[in-house]
Amino acid sequence: MDKFIRVFRWISILEAISFLVLLLIAMPLKYMFNSPEMVSTVGMAHGVLFVLYVMGAYWMYEKLNWSLKTLAIVIICSILPFGPFYADKKYLPNTK
């Protein structure tokens, strides 16, 4: 079980970082400097990671016996900057 929690934790971290890079670096480059290339690359990576995050959250819901409320909070965290970091600390058990 610890292996799957660690995998979800890594997906969560990467999803959060990709979202922050998209918001704080790629979007300003696109709109302030007319350079949209990074949005395409980071946006695609973020999209894939977002889908993996939602699928992983559902899997954690089943394996960790989360309530529907907890699942909803974890999924909502995926659309907030820094949200996955909060979900990780609050809802995932510590692994060694």
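Below or above, wherever it landed, is the structure these notes cover. Every value quoted in this text rests on a predicted model; they were computed, and no experiment measured them.

Before going further, it helps to examine the overall build of the chain. Within the chain one finds four helices and zero strands. Ordered by position from N to C terminus, the α and β elements of the chain give α-α-α-α. Judged by the C-alpha coordinates and their principal axes, the chain covers about 45 × 25 × 20 Å. The buried share of the chain, reckoned over its 96 residues, is 33%. Within the chain, contacts between residues at least 6 apart in sequence are counted, and of these 64% link residues at least 24 apart. The chain carries 9 positive and 5 negative side-chain charges, and their two centres are separated by 8 Å.

Attention now moves to the packing of helix 1 (residues 2-33) against helix 2 (residues 37-63). Running from amino to carboxyl end, helix 1 crosses helix 2 at an angle of 150°, the nearest separation of the two axes being 8 Å. When the axis of helix 1 is compared with that of helix 2, the two are roughly antiparallel. Pair helix 1 / helix 2 crosses with left-handed handedness. Here the residues of the contact of helix 1 with helix 2 sort into 22 nonpolar, five polar and two charged.

Let's shift gears to the packing of helix 2 against helix 3 (residues 68-77). Interaxial distance between helix 2 and helix 3 falls to 10 Å at its minimum, and their mutual angle equals 160°. As judged from the angle between their axes, helix 2 and helix 3 are roughly antiparallel. In the packing of helix 2 onto helix 3, the handedness of the crossing is right-handed. Here helix 2 contributes Tyr-53, Val-54, Ala-57, Tyr-58 and Tyr-61 to the contact with helix 3, which in turn contributes Leu-68, Leu-71, Val-74, Ile-75 and Cys-77.

The next thing to look at is a nonpolar patch on the surface. Where nonpolar side chains cluster on the molecular surface, the patch consists of Met-44, Val-48, Val-51, Leu-52 and Met-55 and spans about 470 Å² of accessible area. Its location among the elements puts Met-55 in helix 2.

With 13 residues, the main nonpolar core has Phe-8, Tyr-53, Met-60, Trp-66, Val-74, Ala-87 and Leu-92 as its most contacted residues. Sequence-distant contacts of Trp-66, that is, excluding residues within four places in its chain, are made with Ala-57, Met-60, Tyr-61, Leu-71, Val-74, Tyr-91 and Leu-92.

On to the pattern of salt bridges, then. Side chains carrying opposite charge are able to pair once their charged atoms draw close together. Scanning all chains against the criterion turns up one salt bridge. In this structure, the salt-bridge partner of Arg-9 is Asp-88, at a minimum N-O distance of 2.6 Å. One end of the pair, Arg-9, is in helix 1; the other, Asp-88, is in helix 4 (residues 83-91), and 79 residues separate them in sequence. Overall, Arg-9 belongs to the buried group, its relative accessible area being 15%. Looking at Asp-88, the relative accessible area reads 9%, which means it is buried.

What follows is about the environment of Val-7. Summarising the element assignment, Val-7 is placed in helix 1. Spatially, the C-alpha atom of Val-7 lies 14 Å from that of Tyr-58, the residues being 51 residues apart in sequence.

Basis of the calculations
Residues numbered from 1 in each chain as written. Predicted model: local features only at pLDDT ≥ 70, side-chain atom pairs only at ≥ 80, totals over all residues. Heavy atoms only, no water. Helix = DSSP H or I, 4+ residues; strand = E, 2+ residues; numbered from the N terminus. Buried < 20%, exposed > 50% of the residue type's maximum accessible area, 1.4 Å probe, protein only. Contact = heavy atoms within 4.5 Å. Lys, Arg positive; Asp, Glu negative; His and termini not counted. Charge placed at Lys NZ, Arg CZ, Asp CG, Glu CD. Axes fitted to C-alpha atoms, helices over the stretch in contact; angles between N-to-C directions. Parallel < 35°, antiparallel > 145°, perpendicular 65-115°, else oblique. Left-handed = near helix turned anticlockwise from the far one by under 90°. Nonpolar A, V, L, I, M, F, W, Y, C, P; charged D, E, K, R; others polar. Patch = residues over 30% accessible without salt bridge, like charges linked within 9 Å, V, L, I, M, F, W, Y side chains within 5 Å. Areas by Shrake-Rupley, 256 points an atom, 1.4 Å probe, with all protein chains shown as cover. Salt bridge = Lys/Arg side-chain N within 4 Å of Asp/Glu carboxyl O. Core = buried A, V, L, I, M, F, W, Y, C linked by side-chain atoms within 4.5 Å.

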